[in-house]
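# Examination of the molecular architecture
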Amino acid sequence: MITSVLVANRGEIACRIFRTCRELGIRTVAVHSDADGSALHARVADTAVRLPGAAPAETYLRGDLIVKAAVAAGADAVHPGYGFLSENAGFARAVLDAGLVWIGPPPEAIEAMASKTRAKQLMGIPSLDRDRVTESDLPVLVKAAAGGGGRGMRIVRTLADLDGALEGARAEAAAAFGDGEVFVEPYVEGGRHVEVQVLADTHGTVWALGTRDCSLQRRHQKVIEEAPAPGLGDELRQELHTLAVRAARAVDYAGAGTVEFLVSAAGSAHFLEMNTRLQVEHPVTEAVFGLDLVAEQIRVAEGHALAADPPRARGHAIEARLYAEDPAGDWAPQTGTLHRLAVPGDVRLDTGYGDGDGIGVHYDPMLAKVIAHAPTRAEAVRRLSGALERATVHGPVTNRDLLVRSLRHKEFTGAGMDTGFYDRHLAELTEPAPDPYAPLAAALAEARTRASRFGGYRNLPSQPQIKRYTTAGEEHEVRYRHTRAGLEADGVRVVRATPGLVVLEVDGVQRKFEVTRYGEQVYVNTTSLTALPCFSDPTAQHAPGTLLAPMPGTVVKIADGLAAGAAVRAGEPLLWLEAMKMQHKITAPATGTLTALHAVRGAQVDVGALLAVVEVSQEDQ
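This text gives an overview of the structure that appears in the document. Quick caveat: nothing in here was measured; it's all calculated off a predicted structure.

## Things to note about the overall build of the chain
Summing up its helical and strand segments, the chain has 15 helices and 38 strands in all. Its C-alpha atoms give the chain a radius of gyration of 26 Å, near enough to 25 Å, the size a compact globule of 621 residues would have. For the C-alpha atoms alone, the extent of the chain along its principal axes is close to 85 × 60 × 55 Å. Relative to its full complement of 621 residues, the chain shows a buried share of 54%. Excluding contacts between residues fewer than 6 apart, the proportion of contacts in the chain whose partners are at least 24 apart in sequence is 62%. For the chain, the accessible surface area stands at approximately 26,300 Å², while carbon and sulfur atoms represent 49% of it. Side-chain charges in the chain split into 64 positive and 77 negative, and the spacing between the mean points of these groups amounts to 5 Å.

Laid out in structure tokens, this is it:
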């Protein structure tokens, strides 16, 4: 009987596993890096053990330190979560060799499926010889043999790009998983990403717990997932179940795992890989089947047998991943303080952050998962999109608006999506649409906050008060007046104005605006604004060819031969930054001559740091 579990992970998944452990009466042990010293998962665990350092390679990827922590804390079992060492057979063996219970599949099963190249061999599916790829093979996908989450993956459409894609994928895979092996496989255009959840015990029973559709992805990382996968015929669904069970039985699998497929537009299934761990999207399966998969993992690890048949599926569930990232800015990860995160409605919220927690540069930028379950798909879509639309998300830029628009897009509501969804629709889904009355509401709320003061250019009550804000990259100037009757503004009637709530009547309709301020950052309902000073700061101006770091990170590569004096073209890759386990291409801001290169390979840079300067050519000025 397991009495104490160490979770060899961090963030949302560690908190989610701890929740089940508490319900089962099992004590919990967290491990944390120095960067995670005050993180939520370290705070909620019964015991926390420090892993010195910040980078994953020196903390969460150090199996020897984690095993020592489990022994020192008196844990009798280890749960790996997902990512990091969750699919590392050597780590699983080290846990078992230390006399601890491994809450996962046998090391031999992990080993057999951990490398996607070996998994394909086991399933009788050949990979392309990367040294013999021809034009007729294109497009192809370069993919890391280990790990997942979209890291170490590149789509290649021309042979000239293949070598660069292989090099970039190797570097990214080595940094994320400690294994730089990559392989090449055909890339199926317009396919759907469909997977099957399996659960197996040590007595020969294997359950196929339905399908999930994970087609909405950015950079090969899933954004929205649902169960069951819509629009699959009975024959195809049964084929996927059969293949998934066959894969599990082929390696004597035990515990929770996922078999992933790419389903072509014609309805043919292509095996991708088997993930020998819990998936990020497991909550949608839990909702539909009424199961706690973590509890089932623990029961299997304790030797209990599954029932002969799984429970019946009921209804439909959809999960959206809330990321601290800017979808309109090439998905750039964001850092800063998460002041407030609250999601209303009858939905499940899995998160690894609490109000006031910092979002750093070292780990994945996912803030939370929001899951809705309802009798039908349409009802689940409505419930989830409504909850996200009303959610309070105060902090760095997130993909919340993108999620809401994606869920309401006709292609998604009609279940016609595929893995190219964002390639086709990202521009329209990220078109700025700030509330035009949000700046006025922010100014009126501030006026009530500073009731004894009159801001703006003029400080006479009889004159208009002026405030300026930026939102969605645009500057807005608003005017209001203090009168004996209260606050007034042109074109609207101010019904009520308090520091936290403003009610405006517009064309006979009353609208409510909830206002929250953190320094110069102001949130009006779901619109984020930055208050500007009355006069512009001349030091904030930069020359047209100035290249600033769009995010904090590490300079991992500089373009070959790049040096002062080199001719560059707008959009040409100059260097690469690694942030939150992903490499981000930084391109020339203009066409011209590179006059200064301040970036140094291996150097840490803060957001806004000067990386390079390009003297803009005359024709581009």
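Past the structure itself, the notes keep going.
## Things to note about the sheet that holds strand β33 (residues 567-568)
The antiparallel open sheet is built from four strands, whose spatial order is β31-β38-β36-β33. Both edges of this open sheet fall to β31 (546-548) and β33, since each of them pairs with a single strand only. Relative to strand β36 (residues 592-597), β33 runs antiparallel, the two being bridged by two bridges. Considered in β36, the bridge of V568 is made with G592.

## Re the packing of aromatic side chains
Enumeration according to the criterion identifies seven aromatic pairs in this entry. Look at F421 and Y422: their rings are 5.1 Å apart centre to centre, the planes differ by 80 degrees, and that puts the pair in the edge-to-face class. Summarising the burial analysis for this pair, F421 and Y422 share the class buried. The interplanar angle of 70 degrees and the centroid separation of 5.9 Å between the aromatic rings of Y518 and Y523 together place this pair among those described as edge-to-face. Y518 gets classed as partly exposed once you look at its relative accessible area, which sits at 25%. On the basis of relative accessibility, which here comes to 5%, the residue Y523 falls in the buried class.

## Overview of the side chain of T398
Within the secondary structure, T398 sits in the loop between β22 (392-394) and α12 (400-408). Overall, the relative accessible area of 17% leaves T398 in the buried class. Not counting residues within four places of it along the chain, the set of residues in contact with T398 comprises L322, Y323, A324, E325, P327, L367 and V393.

## Quick look at the sheet that holds strand β8 (residues 182-186)
The strand order β7-β6-β8 describes an open sheet built from three strands, whose pairing is antiparallel. Each edge of the open sheet carries a strand with a single partner, namely β7 (153-156) and β8. Strand-to-strand twist in this sheet, taken as the mean axis angle between neighbours without regard to direction, amounts to 20 degrees. The pairing of strand β6 (residues 140-144) with β7 spans four bridges and is antiparallel. Note that in β7 the partner of L141 across the bridge is I155. Strands β6, β7 and β8 of the sheet are contacted by helix α7 (residues 162-177), whose axis makes an angle of about 170 degrees with β7.

## So, the environment of G290
Summarising the element assignment, G290 is placed in the loop between α9 (282-289) and α10 (293-301). By relative accessible area, which is 65% here, G290 ends up exposed. Separated by 103 residues in the primary sequence, G290 and V393 place their C-alpha atoms 29 Å from one another.

## Comments concerning the pairing of β36
Working note: regular strand, side chains alternate between the two faces of the sheet. Pairing of β36 with strand β38 (residues 610-616) involves five bridges; the strand directions are antiparallel. Bridge pairing links L597 to A612 in β38.

## Some points on unusual backbone geometry
Following L138, the chain continues to P139 via a peptide bond in cis, the omega torsion being -5 degrees. With omega at -5 degrees, the peptide bond leading from A227 into P228 counts as cis. Within the secondary structure, P228 is located in the loop between β11 (221-227) and α8 (234-250). Backbone geometry places H220, a non-glycine residue, at a positive phi of 65 degrees. Within the secondary structure, H220 sits in the loop between β10 (206-218) and β11. Even without glycine at this site, N525 takes up a positive phi of about 55 degrees. With respect to the helices and strands, the residue N525 is situated in the loop between β29 (521-524) and β30 (527-532). What makes N525 partly exposed here is its relative accessible area of 32%.

## Quick look at the environment of L338
Checked against the element boundaries, L338 lands in strand β17 (residues 336-338). For the pair L338 and G356, spaced 18 residues apart in the sequence, the C-alpha separation amounts to 5.4 Å. What L338 contacts, discounting residues up to four positions off in sequence, is Y353, G354, D355, G356, D357, I359, L367, H394, G395 and P396.

## Re the nonpolar core
Counting residues in hydrophobic clusters, the biggest one holds 36 residues, and the most contacted among them are I224, I318, L384, L388, L407, F412 and Y422. When contributions to this core are tallied by element, the ones reaching two or more residues are β11, β14 (316-323), β21 (366-374), α11 (377-390), α12 and α14 (421-429). With near-sequence residues (within four places) excluded, L407 lies in contact with I224, I318, V381, L384, S385, L388, F412 and T413. Counting residues in each nonpolar core, the second largest holds 35 residues, with V5, A254, L293 and A317 among its members.

## Quick notes on the pattern of salt bridges
The tally for this structure, following the rule as stated, stands at 44 salt bridges. Connected through salt bridges with shared partners, the residues E195, R212, K222, E225, E260, E281 and R321 form a single ionic network.

Definitions and limits used
- Residues numbered from 1 in each chain as written.
- Predicted model: local features only at pLDDT ≥ 70, side-chain atom pairs only at ≥ 80, totals over all residues.
- Heavy atoms only, no water.
- Helix = DSSP H or I, 4+ residues; strand = E, 2+ residues; numbered from the N terminus.
- Rg over C-alpha atoms; globule rule 2.2 N^0.38 Å.
- Buried < 20%, exposed > 50% of the residue type's maximum accessible area, 1.4 Å probe, protein only.
- Contact = heavy atoms within 4.5 Å.
- Areas by Shrake-Rupley, 256 points an atom, 1.4 Å probe, with all protein chains shown as cover.
- Lys, Arg positive; Asp, Glu negative; His and termini not counted.
- Charge placed at Lys NZ, Arg CZ, Asp CG, Glu CD.
- Pairing = 2+ DSSP bridges.
- Phe/Tyr/Trp six-rings, centres within 6.5 Å; stacked < 30°, edge-to-face > 60°.
- Axes fitted to C-alpha atoms, helices over the stretch in contact; angles between N-to-C directions.
- Core = buried A, V, L, I, M, F, W, Y, C linked by side-chain atoms within 4.5 Å.
- Salt bridge = Lys/Arg side-chain N within 4 Å of Asp/Glu carboxyl O.

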